[in-house]
Amino acid sequence: MPKSLKRIALVVTFGTLLSKFGGLIRQLVIAGAFGVGPAYVAYNYAYVLPGFFLTLVGGINGPLHNGMVTVLSRRNEKEGAYVLAVISNTIIVVLIPISIILYLAADPLVSLIGPGLNPEIHLIATKQLQVMAPMALLAGLIGLGFGSLNAREEFFIPSIAPIISSFALIIGVGAWWISKGAEVDSVSIGIKGGLILAQATLVGAFLQWIIQIPSLIKKGLFKFKFIWDLKHQGVKEVWRIIAPATLSSGMMQINVITDLFFASDILGAAAGLGYANFLVQAPLGLASNALLIPLLPALSKLTKIEHRPQLIQKIRQSLMLSSASMIALGSIFLALGDPIVGIIYGRGAFGPPAVNLVGGILMVYGIGMPAYLGRDLLVRIFYALGDGKTPFKFSIAGIVLNIILDWVFVGGPTPWGDQIPINLGAQGLVLATVGVNILTCWVLLLKLDSKLGNLPIKKWCNDLVKLLFCGILSGILAWIINVTLILPDGVTWAFLKVFIASFSSVIGFCFLGNYFKIKEVNEVIMIVKRKIISR
């Protein structure tokens, strides 16, 4: 019997929460062991390409995952297994040579991504990239498995798989941190610690693939069989979605590479971007998985013309829920950036300068959180409609604009010196991405209106403006509480202050959303009230 959307969302949310908790512990261990030092700065450059494949090809909500879900959810077990076998063989044939290239060309690739790195960081990053090169192949296997399981309504294993990778890093880095003792040779620490980071990441990726095998066997989808039937209708449909969607989603990863390129001359910027990005991606990933994973199969079943009203209603609901959650959270990040970073990372090698750097970056990320999730949501809607070309076209324009804005916001660097007097540093790189995402969301929404017709965009935008106003006021409330509330020193008291400010901000946001009669906010409040009354 098909599972309800609510039940699926609960399963995915629970599994994702476990994974995000593991990811938090992982980042705490890394921050305490390395801070914004050479090993972690180098890791951010070395991980770009392996991470590109792990996110793009192997990630949940990635193009391969979405393509498999869209196609397999419409086919029976036998035909689904056949399509999976063909796609698996193709992916393996493509990704093995790529893994070999990553290993052999590690040195020039690091030079290309981080031309401003000093020799020590460059050396560490090169060695790390060679260790992580096989992750390109593993990413393909992971993505195929996740997509196939989701298509057969198995959501728990894919949602908790990332925690395995986190545990591998926690154990590896934690053991090294304890064993290094009082060693003070920074070069030795950087190289040894950097290699441990890379090795643990590789092991974690391998385990993510291993953990899904029992479920694949149970669903009849794990069969080693060489089939090369690229003319099969199901295979063609997968590639029609994957090919342009991979290029489209790849544009986002190229934006990351662009940011790192310009950050290579900014001290500690790459590490700072990595730490701040994690704090953003944790709640963003939770919301994305809870909303988008169950949404894609549901949208795929509403693409017929007679289901158009239900499809538009589902799109409206998803856009408003994603916007409300991200505006509320973004306002908290904007108001409480430094305190949040200090509580989470501020220990060991992660001192006050690192807290200030990451806190400033987190505040800028907070501005763009609604656009991050909104863009992902709109792209998934186009995927569900069988259109991967439209997001791709706009992503190409977006990456060009991101390069220009990156260059402008870091002072316009050239071989003859900076050409622009304003240099926003690492925060400018994030601000450039935020601007591109906001513009992309608007253009995609207009394109969706022309594709479906009769979208009440004016009404949606009116409600969105109301949500933004709610977010501004709730953020101001959080900031006032944080500034005026006097508590004793210590991490526990600092956490209590941030909790009080954040909780008050969320309550204020919900109250204002209810006052402005935002339907989705009202529904969430009613659900919470019923839960409280039932207890």
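Relevant structure appears above.
Read on for an overview of the structure. Because the structure is a prediction, the values reported are computed rather than measured.

1. A few points about the overall build of the protein chain
In step 1: Helix and strand content of the protein chain: 19 helices and 0 strands.
In step 2: Counting the 535 residues in the protein chain, one finds 55% classified as buried.
In step 3: Long-range pairs, those at least 24 residues apart, make up 81% of the contacts in the protein chain between residues at least 6 apart in sequence.
In step 4: Carbon and sulfur atoms form 71% of the exposed surface of the protein chain, whose accessible area is close to 23400 Å².

2. Overview of the nonpolar core
In step 1: Residues Phe34, Tyr45, Tyr275, Tyr345 and Phe350 are the most contacted members of the largest nonpolar core, which totals 100 residues.
In step 2: Among the elements that make up this core, the one with the highest residue count is helix H12 (residues 269-300) (11 residues).
In step 3: Dropping the residues within four chain positions of it, Phe350 is found in contact with Ala31, Gly35, Val36, Tyr275, Val341, Tyr345, Val355 and Val358.
In step 4: Counting 29 residues, the second largest nonpolar core, distinct from the first, contains Ile315, Leu319, Met320 and Ile381.

3. Quick word on helix H6 (residues 106-113)
An α-helical turn contains 3.6 residues, so any two residues separated by three or four positions project in the same direction.
In step 1: Those residues of H6 not exposed but buried are Ala106, Leu109, Val110 and Ile113. All buried residues of H6 lie within an arc of 100° about the axis, which places them on one face of the element. Turned more than 90 degrees away from the buried face of H6 sit Pro108 and Leu112, all of them exposed.

4. Digging into the environment of Ala168
In step 1: Among the secondary structure elements, Ala168 is positioned in helix H9 (residues 156-180).
In step 2: Considering only alpha carbons, one finds Ala168 and Val203, 35 residues apart in sequence, at a separation of 6.6 Å.

5. Brief notes about the side chain of Ser502
In step 1: Mapped onto the fold, Ser502 is located in helix H18 (residues 491-515).
In step 2: Classification of Ser502 as buried rests on a relative accessible area of 16%.
In step 3: Once you skip the residues sitting within four places of it in the chain, Ser502 turns out to touch Ile332 and Leu336.

6. Some thoughts on the pattern of salt bridges
In step 1: A full pass over the atoms with the stated rule returns 3 salt bridges.
In step 2: The residue Asp376 makes a salt bridge to Arg375 at a minimum N-O spacing of 4.0 Å. Summarising the burial analysis for this pair, Asp376 and Arg375 share the class buried.
In step 3: Of the charged contacts, one joins Lys459 and Asp463 as a salt bridge, the two residues approaching to 3.5 Å between their closest N and O atoms. On the criterion of helical spacing, the pair formed by Lys459 and Asp463 is a turn pair, its members being 4 residues apart in helix H17 (residues 457-484).
In step 4: By relative accessible area, which is 44% here, Lys459 ends up partly exposed.
In step 5: Given the relative accessible area of 1%, Asp463 is considered buried.

7. A closer look at the packing of aromatic side chains
In step 1: If you walk through the whole model with that rule in mind, you get 15 aromatic pairs.
In step 2: Ring centres of Tyr43 and Tyr47 lie 5.5 Å apart, and the angle between their planes is 20°; on these two criteria the pair is classed as stacked.
In step 3: The class for Tyr43 is buried, based on a relative accessible area of 9%.
In step 4: Seen from their ring centres, Phe52 and Phe53 are 5.3 Å apart, and the 90° between their planes marks the pair as edge-to-face. Residues Phe52 and Phe53 agree in their burial class; the two are buried.

8. A few points about a nonpolar patch on the surface
In step 1: On the surface, Phe469, Ile472, Leu473, Ile476, Trp479, Ile480 and Val483 cluster together into a nonpolar patch covering about 650 Å² of accessible area.
In step 2: Among the structural elements, Ile476 can be located in helix H17.

9. As for the side chain of Asn482
In step 1: Along the chain, the position of Asn482 falls in helix H17.
In step 2: In this structure Asn482 touches Leu336, Pro339, Lys497 and Ala501, once residues within four positions along its chain are discounted.

10. Side note on unusual backbone geometry
In step 1: Of note in the backbone geometry, Lys517 takes a positive phi value of approximately 60° without being a glycine.
In step 2: For Lys517, the position within the fold is in the loop between H18 and helix H19 (519-534).

11. Some words on H17
In step 1: A rise of 1.5 Å per residue sets the reference length of H17, with its 28 residues, at 40 Å; its end C-alpha atoms lie 40 Å apart and thus fit the reference within 8%.
In step 2: The set of residues buried in H17 consists of Ile457, Trp460, Asp463, Leu467, Cys470, Gly471, Ser474, Gly475, Ala478, Ile481 and Asn482.

12. Regarding the environment of Ser166
In step 1: Residue position: Ser166 is located in helix H9.
In step 2: Separated by 140 residues in the primary sequence, Ser166 and Arg26 have C-alpha atoms spaced 5.6 Å apart.

13. Section: the packing of H6 against helix H7 (residues 119-132)
In step 1: In contact at an axis separation of 9 Å, H6 and H7 are set at 125° when each is read in the N-to-C sense. Relative to H7, the element H6 lies oblique. Pair H6 / H7 crosses with right-handed handedness. On H7, the residues touching Ala106, Asp107, Leu109, Val110 and Ser111 of H6 are His122, Ala125, Thr126, Leu129 and Gln130.
In step 2: Looking at the contact of H6 with H7 residue by residue, the classes come out as 5 nonpolar, 4 polar and 1 charged.

14. So, the environment of Leu373
In step 1: Relative to the elements of secondary structure, Leu373 occurs in helix H14 (residues 352-384).
In step 2: On the basis of relative accessible area, Leu373 is assigned to the buried category, the value being 1%.
In step 3: Each C-alpha atom, one on Leu373 and one on Gly285, is 8.9 Å from the other, the two residues being 88 residues apart in sequence.

15. Overview of the state of the cysteines
In step 1: This model, assessed by the stated rule, comprises 0 disulfides.
In step 2: Summary of cysteine pairing: Cys510 is not part of a disulfide, and the nearest cysteine sulfur, belonging to Cys470, is at 9.4 Å.
In step 3: Among the residues examined, Cys510 registers a relative accessible area of 26% and is labelled partly exposed.

16. Some details on the packing of helix H13 (residues 308-345) against H17
How two helices pack is summed up by the angle between their axes together with the distance between the axes.
In step 1: H17 packs onto H13 with a crossing angle of 20° between their chain directions and a minimal axis gap of 9 Å. Judged by the inter-axis angle, H13 sits roughly parallel to H17. You can see that H13 and H17 cross each other, and the crossing is right-handed. On H17, the residues touching Ile312, Ile315, Arg316, Leu319, Met320, Ser323, Ala324, Ile327, Ser331, Ala335, Leu336 and Pro339 of H13 are Lys459, Trp460, Asp463, Leu464, Leu467, Leu468, Gly471, Ser474, Gly475, Ala478, Trp479 and Asn482.
In step 2: Its residues assigned to classes, the contact of H13 with H17 shows 15 nonpolar, 6 polar and 3 charged.

Rules behind the numbers
Residues numbered from 1 in each chain as written. Predicted model: local features only at pLDDT ≥ 70, side-chain atom pairs only at ≥ 80, totals over all residues. Heavy atoms only, no water. Helix = DSSP H or I, 4+ residues; strand = E, 2+ residues; numbered from the N terminus. Buried < 20%, exposed > 50% of the residue type's maximum accessible area, 1.4 Å probe, protein only. Contact = heavy atoms within 4.5 Å. Areas by Shrake-Rupley, 256 points an atom, 1.4 Å probe, with all protein chains shown as cover. Core = buried A, V, L, I, M, F, W, Y, C linked by side-chain atoms within 4.5 Å. Arc of directions from axis to C-beta. Salt bridge = Lys/Arg side-chain N within 4 Å of Asp/Glu carboxyl O. Phe/Tyr/Trp six-rings, centres within 6.5 Å; stacked < 30°, edge-to-face > 60°. Patch = residues over 30% accessible without salt bridge, like charges linked within 9 Å, V, L, I, M, F, W, Y side chains within 5 Å. Expected span 1.5 Å × (residues − 1). Axes fitted to C-alpha atoms, helices over the stretch in contact; angles between N-to-C directions. Parallel < 35°, antiparallel > 145°, perpendicular 65-115°, else oblique. Left-handed = near helix turned anticlockwise from the far one by under 90°. Nonpolar A, V, L, I, M, F, W, Y, C, P; charged D, E, K, R; others polar. Disulfide = S-S within 2.5 Å.

No statement about biological role is implied by the geometric values presented.
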